[in-house]
Amino acid sequence: MPRSSTLTIKVSIFLFLLLTFFLPQKTAYSATPKAGGACQKIGQSIKSGSNHLECRSIAKGKKAYFALSKQVKDLKPQQSPEPYTTCRLPEQIKNKLDNWTAPLSIAYPAKKSTLNPIGSNSYLFFPIDFADAVGTGSPEKILQPEVKKINEWLNWYSNGKASMQIDYPKNWVRSTYMASELITFRDPGNPGNPKGKLSDARLIEALLSDVEKIYDLSKYKGVYFMPSMSAKSLQHGVFINGTFQTSKGTFSGGGYVYANTAFEREEFIWAFVMHDFLHSYGLALHAPDQQLPFGIQSAANGGLGINKWDSMTLDWTHPEDVYCVSKTNLKTAEVTLVPIEREQEGIQSIMVKLSDSQVLVIESHRRDKWGTKFVPGFYGITTFLVDTSIQNDP
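Description of the structure in this document. Please read all numbers here as calculations on a predicted model, not as lab measurements. (Residues numbered from 1 in each chain as written. Predicted model: local features only at pLDDT ≥ 70, side-chain atom pairs only at ≥ 80, totals over all residues. Heavy atoms only, no water.)

**A short note on helix α2 (residues 139-157)**
And then number 1: For α2, built from 19 residues, the straight-helix expectation of 27 Å at 1.5 Å per residue is met to within 8% by its first-to-last C-alpha distance of 27 Å.
And then number 2: Among the residues of α2, those classed as buried are P139, L143, E146, V147, I150, W153, L154, W156 and Y157.
And then number 3: Where α2 is buried, its residues touch β5 (119-129), β6 (162-167), β8 (222-227), α5 (269-280) and α6 (308-313).
And then number 4: In the segment just after α2, N159 is the residue with positive phi, at about 55 degrees. (Helix = DSSP H or I, 4+ residues; strand = E, 2+ residues; numbered from the N terminus. Expected span 1.5 Å × (residues − 1). Buried < 20%, exposed > 50% of the residue type's maximum accessible area, 1.4 Å probe, protein only. Contact = heavy atoms within 4.5 Å.)

Below you can see the structure in the form of C-alpha cells.
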C-alpha cells in the first residue's frame, strides 16, 4: 500500500533499544576476550570454542562481549496469567474514514479480503517486458528463490496455517504496449485523468490483456506484475481487491505492479511482495510506525518478522506465543522473550490489557534469521500501544 502512509493504529512508542552508536569511552580491554569482558567495536565477532563472542552495547555507553550459540533451543513453556484471548481485543472504530484502509482490519477477526489467511491461495507472478524496455536475466532464476522465501516465511509466522501456490512463466513475456505508454498518475480507483495518464486500475487492465493470452485468470486470487527494471515510467501500482475489465469479461482479485519504486529501495523482492500479501489477507498494517525497521508490517529494511498483534489478527497465533495479563492483575514477573526475528518456540510477545480498547505490547528484536538487515550487534526491546478504537492511516 502507499509507502507514504502514516500510522494505522494510534500508538505511543517507547523504544528502549540498545542502539549501535554511543560516545567512545576509555575502557580497559582484556587480553583474552571473554563473555562480559569489555570490547571496542559493536558487532565484532570472535570465535570461542563451539560458540562465538559478539560485541554489543550495554548500559552507560559501554560495550561488552556476549556469548552466542548457533544452536537455538526452544524455551520452556511459561504460564500466562490469562488466556491470550483476553488481550485479543476486537476492532471498535465507530466511524471509519472513507479511505483505502476502510475495508482492512486493525484487530481480530480480520475482515474477509482477497486472500484467505488460513489455507493455501493461488497467485500469479508475471514478468513482463516491453519493446522499449527489454528485460534482462532469467525470471525463473530471479523468482524461484523469492517464492521459496515467501512460503518459508509464511510457514513460520503463520504457524503452518498459510501458504501460497505461486505460478510464473520462465521467461519474459513481451507486452503489446510500449512502457512509455503506461504512465500512471497514482490515484488508485480513479478511472481517468484529464492529462490522459492511467489510473492504477487502467494500468493493471492493460497488462492483464497479455496475461490472459497464456493463463486462465479464474484460477488465481490475483496477479503480481514484475516489469523489466528498464521500464522507468511504470510506478508501483496497488489494488488489494478489484474488478478489472478484460477482453474475456472481468477478473476479480488482487492486482499489483512491482515497479521501479520497489526496485530502487533495494528491498528483498519477497519481503516487498509479502507486505502486499498481508494487505490482501486483510491487514491494514503500517503500525506502530511505517518507518520503523521492526517488522515487515512497517518497512522491509530491518527486521522482517511480523508483530504478534497483526499475526493474532489473522488467527496465526498459538496460545503459548503470548504472555497476556490485565492491568488489574499485574504482578512482578520474569518473562523471557523470543526475538520476533528468530525461529524459536517460546513467548514472543507480552501484552498488557489496559482497557477495553487498549493493549500495551512488548516485544524483543535481534539480528537473526529474519533480521539480517539489522547491523551486527543489534538487539533491543520495543513497546507500543494499540488502540482498537482509532483509525489513523490516511
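**Here's the deal with the packing of aromatic side chains**
And then number 1: Per the stated rule, a full pass over the model turns up 20 aromatic pairs.
And then number 2: Between W153 and W316, the ring centres sit 6.4 Å apart and the planes meet at 70 degrees, which makes this aromatic pair edge-to-face. Of this pair, W153 sits in helix α2 while W316 is found in the loop between α6 and β11 (322-326), placing the two residues 163 residues apart along the sequence.
And then number 3: Of the residues examined, W153 reaches a relative accessible area of 0% and is grouped as buried.
And then number 4: For the ring pair Y258 and F272, a centre distance of 5.0 Å and an interplane angle of 85 degrees mean the geometry is edge-to-face. (Phe/Tyr/Trp six-rings, centres within 6.5 Å; stacked < 30°, edge-to-face > 60°.)

**Focus: the nonpolar core**
And then number 1: In this structure, F125, W153, F277 and L278 are the most contacted members of the largest nonpolar core, which totals 56 residues.
And then number 2: When residues in this core are grouped by element, the largest group, eight residues, is from α5.
And then number 3: With residues near it in sequence (within four places) discarded, L278 still touches W153, L283, L285, I296, I306, L314 and W316.
And then number 4: Membership of the second largest hydrophobic core comes to 27 residues, among which are F126, A179, V211 and F244. (Core = buried A, V, L, I, M, F, W, Y, C linked by side-chain atoms within 4.5 Å.)

**Quick look at the layout of surface pockets**
If you roll a probe as big as a water molecule over the atoms, it shows you where there is empty space left.
And then number 1: Empty space within the largest pocket amounts to approximately 540 Å³.
And then number 2: Lining the largest pocket are 24 residues, and of these R56, L68, R342, R366 and D368 sit closest to its centre.
And then number 3: For the lining of the largest pocket, the class distribution of residues is ten nonpolar, six polar and eight charged. (1 Å grid on protein atoms, 1.4 Å probe; cavity = no way out; pocket = protein on both sides within 12 Å on 5 of 7 lines; lining within 4 Å. Points joined across faces, edges and corners; volume = space filled by probe spheres on them. Nonpolar A, V, L, I, M, F, W, Y, C, P; charged D, E, K, R; others polar.)

**Some remarks on the state of the cysteines**
And then number 1: What the rule picks out here adds up to two disulfides.
And then number 2: Across the disulfide, C39 is cross-linked to C55 (sulfur-sulfur distance 2.1 Å). On the sign convention where negative means left-handed, the S-S torsion of about 80 degrees between C39 and C55 marks this disulfide as right-handed. Of this pair, C39 sits in the loop between β1 (13-18) and β2 (45-48) while C55 sits in strand β3 (residues 51-57); the two residues are 16 residues apart in sequence, bridging distant segments of the chain. Assigned by exposure class, C39 and C55 land together as buried.
And then number 3: In this model, C87 is linked to C324 through a disulfide, with the two sulfur atoms separated by 2.0 Å. The chirality of the disulfide connecting C87 with C324 is right-handed, given an S-S dihedral of about 90 degrees. Of this pair, C87 sits in helix α1 (residues 84-87) while C324 is found in strand β11, placing the two residues 237 residues apart along the sequence. Each member of the pair C87 and C324 is classed as buried. (Disulfide = S-S within 2.5 Å.)

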